[in-house]
Amino acid sequence: MNTWHSKRARAWRWYVVVLALAISILRGIAAGHASGPCVELPEMNAWFRWSRGWIGGDGVFTIPLDGGRILWLFSDSFVGRVAEGQRRRVTMVHNAVAIQKHAAARPDIFLGKAADGGPASFFDPPDRRGYFWLFHGATNHQGLWLFLIQVETTDATSAFGFRTIGTWLAHVANPHEPPPAWRVSMRKIPWGIYPSDDGGRSSGEPADGDARRTLHFGSWVTRVGDELYVYGVDERLGKRGMIVAKVPVSRIGRFDRWRFLGPDGWVKDFRACRTLADDITTEYSVTPMKNVPGKGEPRYLLIQSAGNLSPDILAREGPSPVGPWSEPRVIFTCPEPARRQEVFTYAAKAHPELSDEAGTVISYVANSVQFKDLVDHAWIYWPRFIRLPAETRFSGD
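Bear in mind that the values here come from a model prediction, so they are computed numbers and not experimental data. (Residues numbered from 1 in each chain as written. Predicted model: local features only at pLDDT ≥ 70, side-chain atom pairs only at ≥ 80, totals over all residues. Heavy atoms only, no water.)

Engineer: Would you explain the overall build of the chain in this entry?
Structural biologist: For the chain, the count of helices and strands is four helices and 24 strands. Here the chain, with 397 residues, has 56% of them falling under the buried criterion. A separation of at least 24 residues holds for 56% of the contacts in the chain among residues at least 6 apart in sequence. (Helix = DSSP H or I, 4+ residues; strand = E, 2+ residues; numbered from the N terminus. Buried < 20%, exposed > 50% of the residue type's maximum accessible area, 1.4 Å probe, protein only. Contact = heavy atoms within 4.5 Å.)

Structural data, given as structure tokens:
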């Protein structure tokens with residue numbers, strides 16, 4: 001029987017030592033919070049509550065395709081079955097995709113196939129190093145473009161035994177066909193700073209004083225006119241900030257056309273990116289607001305989990321896709337951590353393809369510092385959905 005990877009299981013056990021106390025404290029804090037203005041969407045939750053095949057995962061990005069179809073992108077995922085409230089006969093793959101024929105249909109999940117015929121990740125790194133987690137992307141006249149974060153295990157006994165080693169841009173030339181028939185090519189993105197085995201950097205050698213800097217793009221992509229804004233993170237000494245690049249929609253695969261927002265405007269040097277918002281998480285979203293009461297000018301909505309094991313989901317708004325951003329407001333306190341001590345929530349982001357005049361649809365994921373919980377308690381580790389009502393007012397309005 002194929003079970004989850006033993007190294008990953010050992011690494012997860014270490015999270016108990018490092019994080020359990022913090023979650024216990026935050027759980028107590030969360031119990032006293034109001035849930036915020038968002039409402040839960042159990043009908044959307046039901047889309048992914050399957051008892052066989054794909055039975056849970058994180059990531060949860062969406063991209064609109066032609067004909068009203070929606071592409072779903074998942075990272076670490078369980079494959080197996082659910083019975084009596086538990087996951088059984090499980091395998092973990094590092095990514096999966098799904099196609100939803102329209103916004104009310106149940107999505108169809110697609111996996112890769114291992115040499116022995118078992119389930120495998122849908123995308124694998126061409127250089128055979130590590131594995132991919134799937135981030136956001138966009139479409140243009142050339143097809144579908146996806147950002148893939150390359151990760152590898154460095155120490156299976158450590159809570160911090162994983163690292164990002166690269167970012168790839170995948171091109172699907174025929175996204176109108178079913179995923180198993182996709183023609184995929186990949187190129188490594190040159191814009192990035194990552195740790196290396198010897199304590200240096202794997203690319204983008206930073207200036208003095210930036211020895212612990214990590215920088216990459218692909219957290220989110222928003223189209224503004226004829227340009228794509230490609231968002232990322234810049235982390236230095238444990239502080240993570242939002243950064244952004246832009247590129248013509250028709251030239252996303254031309255790295256020489258990318259520009260990066262620095263202190264004095266758009267520049268060619270990605271190292272010069274300025275921070276647009278502090279305390280950002282690796283996954284977040286920036287989307288046009290569907291309806292802003294009393295405002296004629298377009299506004300943009302930034303959605304993220306609060307991070308640091310907090311159960312809160314935060315929202316900020318701004319007058320442009322690069323801000324300036326308002327102070328974060330708690331719009332929802334996820335209830336799952338109050339249900340079980342070891343549970344935490346993360347990966348909050350908006351889904352404009354599912355949103356309408358009623359408000360913005362947002363997803364998040366519940367996880368546990370006890371890897372065994374993901375098997376023994378099958379209510380954990382599924383996409384969960386809420387709606388931020390369109391009439392929600394933000395501080396300063």
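Engineer: When you look at the sheet that holds strand β17 (residues 265–267) in this model, what are you seeing that I'm missing?
Structural biologist: Pairing between the strands of a sheet comes from backbone hydrogen bonds, and it takes one of two forms, parallel or antiparallel. Judged by pairing direction, the sheet is antiparallel, and its five strands sit side by side in the order β13-β14-β15-β16-β17 without closing on themselves. Two strands close off the open sheet at either side, each with one partner strand: β13 (214–224) and β17. Each strand axis lies, on average, 35° off the axis of its neighbour in the sheet, ignoring direction. Bridge analysis of strand β14 (residues 227–236) against strand β15 (residues 239–248) gives ten bridges, and the strand direction is antiparallel. Residue pairing in the sheet places Val230 in a bridge with Ala245 of β15. (Pairing = 2+ DSSP bridges. Axes fitted to C-alpha atoms, helices over the stretch in contact; angles between N-to-C directions.)

Engineer: What should I look at first to understand the environment of Pro288 in this one?
Structural biologist: Tracing the sequence through the fold places Pro288 in strand β18 (residues 284–288). Taking the relative accessible area as the measure of exposure, Pro288 reaches 45% and is therefore partly exposed. As a C-alpha pair, Pro288 and Glu317 span 29 residues in sequence and 9.5 Å in three-dimensional space. Once you skip the residues sitting within four places of it in the chain, Pro288 turns out to touch Arg299 and Tyr300.

Engineer: Just checking my understanding: could you explain the sheet that holds strand β20 (residues 312–318) for this structure?
Structural biologist: Here four strands make up an open sheet; going across it, the order is β18-β19-β20-β21 and the pairing antiparallel. Only two strands of the sheet have a single partner each, and these edge strands are β18 and β21 (329–333). The mean angle between the axes of side-by-side strands here comes to 25°, regardless of whether they run parallel or antiparallel.

Engineer: Is there a simple way to think about the packing of aromatic side chains in this case?
Structural biologist: One pair of aromatic rings is described through two measures. These are the centre distance and the angle between the planes. A complete count under the given rule lists 32 aromatic pairs for this structure. Look at Trp72 and Phe74: their rings are 6.3 Å apart centre to centre, the planes differ by 5°, and that puts the pair in the stacked class. With relative accessibility at 0%, the residue Trp72 sits in the buried group. Centre to centre, the rings of Phe122 and Trp182 are 5.8 Å apart; their planes meet at 85°, and the pair counts as edge-to-face. Of this pair, Phe122 sits in the loop between β8 (119–120) and β9 (131–140) while Trp182 sits in the loop between β11 (162–172) and β12 (184–188), and the two are 60 residues apart along the sequence. A single burial state applies to Phe122 and to Trp182, both of which are buried. Each residue in the set Trp47, Phe48, Trp50, Trp54, Trp72, Phe74, Trp382 and Phe385 is aromatic and connected to the rest through ring pairs, giving one cluster. (Phe/Tyr/Trp six-rings, centres within 6.5 Å; stacked < 30°, edge-to-face > 60°.)

Engineer: Can you help me understand the environment of Leu144 in this one?
Structural biologist: Considering the arrangement of structural elements, one finds Leu144 in strand β10 (residues 143–153). Overall, the relative accessible area of 0% leaves Leu144 in the buried class. As for Leu144 and Ala173, which are separated by 29 residues in sequence, their C-alpha atoms are 6.6 Å apart. Apart from residues lying up to four places away in sequence, Leu144 is in contact with Ile63, Leu65, Leu71, Ala138, Thr139, Ala170, His171, Val172, Pro175 and Trp182.

Engineer: Even after reading the chapter, I still don't get the environment of Arg316, so can you show me in this structure?
Structural biologist: Within the secondary structure, Arg316 is located in strand β20. Relative accessible area serves as the criterion here: at 8%, Arg316 is assigned to the buried category. Between the alpha carbons of Arg316 and Ala277 there is a distance of 9.7 Å; along the sequence they are 39 residues apart. One polar contact links Arg316 to Gln304, side chain to side chain, over a distance of 2.9 Å. (Polar contact = N/O pair within 3.5 Å; in protein donor to acceptor, adjacent residues only side chain to side chain.)

What is shown is where atoms sit, not what they do.
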